[in-house]
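Results of the structural survey
Here's the letter readout for the chains.
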Amino acid sequence: MFWRSKRLWREPGSLKSSYDAVIIGGGLHGLATAYFLARHHGMTDIAVIEKNYIGFGGAGRNTAIVRANQRTQENLPLYKEALELWPVLTRELDFNLMFYNCGNLNLAHSDAAIKAMRLQVASAQYSGIDIKLVDPRECKELIPALDISDRPRYPVFGGMFHPPGGIVRHDAVVWGLARGASKCGVDIHQNTEVTGIAVSGGRVVGVDTGRGRIHTSRVLNSAGGYSAAISSGMLGIRLPISVLTIQAMVTQPLKPFLDHVVSSGMYHCYANQTLKGEVATGAHMDPWPNYTTQCTGHYIKHQAEALSELLPCLRGVKFMRHWAGLADMTPDMAPIMDGNDHIRGYYMNCGWGYFGFKSSTVAGKYMARFISTGECPDILKPFALNRFEQHRLMGETAALVSYSADN
Amino acid sequence: MALLINCPVCGKRNGYEFRYGGEDKGPRPDDESLSQASWCDYVHNNNCVAGIQKEWWFHKDGCGAWFTIYRDTRTNLEADTSADTSIPEVK
Ligand SMILES: Cc1cc2nc3c(=O)[nH]c(=O)nc-3n(C[C@H](O)[C@H](O)[C@H](O)COP(=O)(O)OP(=O)(O)OC[C@H]3O[C@@H](n4cnc5c(N)ncnc54)[C@H](O)[C@@H]3O)c2cc1C
Ligand SMILES: [Zn+2]
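The paragraphs below set out a description of the structure included in this document. (Residues numbered from 1 in each chain as written. Chains lettered and ligands numbered in written order. Predicted model: local features only at pLDDT ≥ 70, side-chain atom pairs only at ≥ 80, totals over all residues. Heavy atoms only, no water.)

Remarks on empty space enclosed by the protein
To keep things clear, this is the line we draw: Put plainly, a pocket is an open set of points on a 1 Å grid over the protein atoms alone with protein on both sides within 12 Å along at least five of seven lines, a cavity is a set where a 1.4 Å probe fits but cannot get out, and a lining residue has an atom within 4 Å of a point. Grid points are joined across faces, edges and corners, and a volume is the space filled by probe spheres set on the points. Think of it this way: any DSSP run of H or I at least four residues long counts as a helix, any run of E at least two long counts as a strand, and we number them from the N terminus. Three residue categories are used. Nonpolar comprises Ala, Val, Leu, Ile, Met, Phe, Trp, Tyr, Cys and Pro, charged comprises Asp, Glu, Lys and Arg, and polar comprises the others, including Gly.
Scanning the entire structure with this criterion turns up 4 cavities of 30 Å³ or more. If you trace the largest cavity, you find 13 residues lining it, with V243 and P289 of chain A together with E23, C48 and Q53 of chain B closest to the centre. Broken down by secondary-structure element, the contributors of at least two residues to the lining of the largest cavity are β13 (242-251) of chain A together with β3 (19-23) of chain B. Split by residue class, the lining of the largest cavity holds 7 nonpolar, 5 polar and 1 charged. Its boundaries defined by the atoms lining it, the second largest cavity holds a volume of some 50 Å³. If you trace the second largest cavity, you find it lined by I237, D338, G339, N340, D341, H342, I343, Y346, Y347 and M348 of chain A.

The following block contains the structure:
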């Protein structure tokens, strides 16, 4: 038998008229929160409501890169714990998440970039994260195919190498979490759209779906690219988010030549060689907000130019597949994790942009604690929505690249 | 599919000639009644409509004009809403 006839998770059939908590979105963050609620907090009467199929959003479209080399003291511990969770969850879920800790090399193309990296490396080391600065020769030792001559438009000045990062199989995370949550009793309703959130007396009382009303006192908005539209459209809570299409593509399979994830902010390009041999590469976001998820020739050309400058041996290699997803970007490149602020029982976990795969399990872990106790865990407190009002934006934006929608 | 934007001066041009200038949020709140919340709302917050929105553009590689258009964020197509009053003005 080369196929499974049995689904990994239970199809719950009819939608119950009430649940202890309803989670909007069967993406990484929604499924992770459901799993931790059911498995670690004993809250098993939970519905995950997914408009399409689980993994339809960023969960199934990301380039699967994981790392912990963030910039700020608030973000570093969260991402560090996330990285440490992959082997733990692989065991706990009894599901091979294919964590491949091949290490990440970030390139610098100017003295200013090296200085910015020095600060980033020191901050990460201070949080106990394994990372170091490397010179161009060391970059070449790590990635022999890299062109460190002065021929490229942006020559390599050095970089930072982060050995514990790498790649995790993103579909496996979706399936593993869905199976784990389902085993504990969570109902995953696919092909069901949330159309409204009912509030009465400042509290959540229900969620409206295409299949009827669910009575509940707790709802989590983890709808990825659609979370900001849901928040403003259904509750009138406008968020500091811009939604942008972001594209990725893979080349034809090649013999192994690239042992690490390599990225360059200057070239707006990152790449790794998958276990199948394809070079998976991610591009920058569209420079204007849109929900199209359209692929454009603009980025094929851009990726081809960037990759053939950085890794000249890729010249003439063909792209095989090209896809796009949505990135919900905040102005400080840090997520919004909050709850019970304007409305009791309304929780949100969004603004994860193009970096919310690596952190999804740890975000789910702490959001589950938040939802089950009603108390915000200390580690999540800096991520509250009111930071924007209080001018406490986090410094997660790269010094050299501005990711704002209007740049 | 590329984005085409209709500049009031230059006509239909490739979207990459322009710089997106944000959702149209109406006039800047006046200093008198300004609060942390209203300033934050004006500076940072968006409606993020999956549909037609009124928005600002700047013809940076062209004539330099700033202007507003209506665009469907699901298709990137400009919408002619000159006669349509059902599109709510963003507050
Ligand atoms: C091309 C690309 C590359 C990326 N690369 C990386 C990377 O290398 N590393 C990294 O860490 N991150 C990466 N990301 C980001 C990462 O994929 C996202 O941050 C992550 O998927 C966000 O998870 P989520 O659960 O919030 O949203 P999603 O995974 O998008 O899930 C949201 C779900 O909500 C559903 N939904 C929406 N509206 C409704 C509704 N009204 N009712 C019910 N359901 C609804 C959607 O169908 C979707 O399934 C990348 C993203 C893209 C698009
Ligand atoms: Zn013009």
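Section: the pattern of salt bridges
Threshold: By definition here, a salt bridge exists when the distance from a side-chain nitrogen of Lys or Arg to a carboxyl oxygen of Asp or Glu is within 4 Å. Only protein chains enter the accessibility calculation, which uses a 1.4 Å probe; a residue is then buried when its area is under 20% of its type maximum, exposed when over 50%, and partly exposed in between.
By the definition in use, this model includes 21 salt bridges over all chains. Here R71 of chain B makes a salt bridge to E55 of chain B, at a shortest N to O gap of 2.6 Å. Separated by 16 residues along the polypeptide, R71 of chain B in strand β5 (residues 66-72) and E55 of chain B in strand β4 (residues 52-58) bring together distant segments of the chain. Across the pair, exposure class does not vary: R71 of chain B and E55 of chain B are buried alike. Among the charged side chains, a salt-bridge network with shared partners connects D135, R137 and E141 of chain A.

Observations concerning the packing of helix α1 (residues 28-40) of chain A against helix α8 (residues 360-373) of chain A
Residues and elements named next belong to chain A. Quick note on the threshold: Fitted lines through C-alpha atoms serve as axes, helices being fitted only where they are in contact, and the angles separating the N-to-C directions of these axes extend from 0 to 180 degrees. Throughout, the term roughly parallel applies to angles under 35 degrees, roughly antiparallel to angles over 145, roughly perpendicular to angles from 65 to 115, and oblique to all others. Two helices crossing with the near one rotated counterclockwise from the far one by less than a right angle form a left-handed crossing, whereas a clockwise rotation gives a right-handed crossing. By definition, residues are in contact when any of their heavy atoms lie within 4.5 Å.
Orientation of α1 relative to α8, taken along the N-to-C sense of each, is 50 degrees, at an axis distance of 7 Å. It follows from the interaxial angle that α1 and α8 lie oblique. Of the two possible hands of crossing, α1 and α8 adopt the one that is right-handed. The residues of α8 that touch α1, namely those facing L28, H29, A32, T33, F36 and L37, are S360, T361, A363, G364, K365, M367, A368, I371 and S372.

Some points on the side chain of T281 of chain A
Residue and element names in this part refer to chain A. As a reminder, the rule being used: Polar contacts here mean pairs of N or O atoms no more than 3.5 Å apart (in protein, one a potential hydrogen donor and the other a potential acceptor; neighbouring residues in sequence count only if both atoms are side-chain atoms).
Looking at the secondary structure, you find T281 in strand β16 (residues 279-285). Using a relative accessible area of 0% as the deciding quantity, one classes T281 as buried. Within the local environment of T281, its side chain forms a polar contact with the backbone oxygen of Y270, the two atoms lying 2.9 Å apart. Engagement of the side chain of T281 in a polar contact is seen with the side chain of Q303, the distance being 2.7 Å.

Let's talk about the interface of chain B and chain A
Where we set the bar: When two components associate, each loses some accessible surface as probed by a 1.4 Å sphere; the sum of these losses over both components is called the buried area.
Contact with chain B, which involves 28 residues of that partner, is made by 28 residues of chain A. A per-residue breakdown of the area chain B buries against chain A is headed by Y16, H44 and C48 of chain B, which together make up 26% of the total. The tally of links between chain B and chain A comes to 1 salt bridge. Taking the shortest distance from any N to any O, the salt bridge between R238 of chain A and D41 of chain B comes out at 3.0 Å. Run the count over chain B and chain A and you get 11 residue pairs in polar contact (both at pLDDT 80 or more).

With respect to the environment of K6 of chain A
Take K6 of chain A: it is sitting in the segment before β1 (21-24). Along the primary structure K6 of chain A and T192 of chain A are separated by 186 residues, whereas in three dimensions their C-alpha atoms are 22 Å apart.

Observations concerning the coordination of the zinc ion (ligand 2)
Residues and elements named next belong to chain B. Keep this limit in mind: Any N, O or S atom lying within 2.8 Å of the metal counts as a donor, and for Na, K and Ca the limit rises to 3.2 Å; water is left out, so some sites can look incomplete.
Here the zinc ion (ligand 2) is held by the protein donor atoms C7 (SG), C10 (SG), H59 (ND1) and C63 (SG), which lie 2.0 to 2.4 Å from it. Ordering the donors of the zinc ion (ligand 2) by residue number gives the pattern C-x2-C-x48-H-x3-C. Residue C7 is located in strand β1 (residues 4-7), and its partner H59 is located in the loop between β4 and β5; the two are separated by 52 residues in the primary sequence. On the accessibility criterion, C7 (2% relative accessible area) is buried.

Section: the site of ligand 1
All names here are of chain A. Threshold: To be near a molecule or strand, a residue needs just one of its heavy atoms within 4 Å of it. A 1.4 Å probe and the Shrake-Rupley method give the accessible areas. Residues count as covered only by the protein chains that appear here.
Contacts to ligand 1 come from 38 residues, most closely from E50, G58, A59, T63 and K358. Protein burial of ligand 1: of its 1000 Å² of free accessible surface, 97% is covered by the chains. Listing elements by their share of the shell around ligand 1, those giving two or more residues are α1, β13 and β17 (319-329).

Here we look at the sheet that holds strand β11 (residues 212-215) of chain A
Residue and element names in this part refer to chain A. Where we set the bar: Two strands make a pair as long as DSSP finds a minimum of two bridges between them.
Sheet architecture is open: 3 strands sit in the order β9-β10-β11, paired in antiparallel fashion. Whereas interior strands pair on both sides, the edge strands pair on one side only; in this sheet they are β9 (194-200) and β11. Adjacent strand axes in the sheet meet at a mean angle of 25 degrees when their direction is disregarded. In this sheet, strand β10 (residues 203-209) lies alongside β9 in antiparallel orientation, the contact comprising 6 bridges. Bridging across to β10, I197 finds its partner in V207.

What about the packing of α1 of chain A against helix α5 (residues 170-183) of chain A?
Residues and elements named next belong to chain A. Two numbers describe how α1 lies on α5: the axes approach to 8 Å, and their chain directions differ by 30 degrees. Between α1 and α5, the angle falls in the class roughly parallel. Between α1 and α5 lies a crossing whose hand is left-handed. Every residue of α5 that contacts α1 at L28, L31, A32, A34 and Y35 is listed here: V173, V174, L177, A178, G180 and A181. Per-class residue counts for the contact of α1 with α5 are 10 nonpolar, 1 polar and no charged.

Looking at the packing of aromatic side chains
How we decide: Classification of ring pairs rests on two measures: the distance between centres of Phe, Tyr or Trp rings, Trp counted by its six-membered ring, which must be within 6.5 Å, and the angle between planes, read as stacked under 30 degrees, edge-to-face over 60 and tilted in between. A positively charged side chain is recorded as over a ring if its NZ (Lys) or CZ (Arg) lies within 6 Å of the ring centre. The angle to the ring normal must also be within 35 degrees.
With the rule as written, the count across this model stands at 16 aromatic pairs over all chains. Look at W39 of chain B and Y42 of chain B: their rings are 5.9 Å apart centre to centre, the planes differ by 35 degrees, and that puts the pair in the tilted class. Of this pair, W39 of chain B and Y42 of chain B both sit in helix α1 (residues 36-43), 3 residues apart, which is roughly one turn of that helix. Feature note: the residues W288 of chain A together with Y16, F18, Y20, W57 and F67 of chain B constitute an aromatic cluster, connected by ring pairs. We note K51 of chain A situated over the ring of Y226 of chain A; from NZ or CZ to the ring centre the distance is 3.9 Å.

Notes on the environment of A306 of chain A
Note that A306 of chain A resides in helix α7 (residues 297-310). Non-local contacts of A306 of chain A, meaning those with residues more than four positions away in its chain, are made with Y267 and C269 of chain A.

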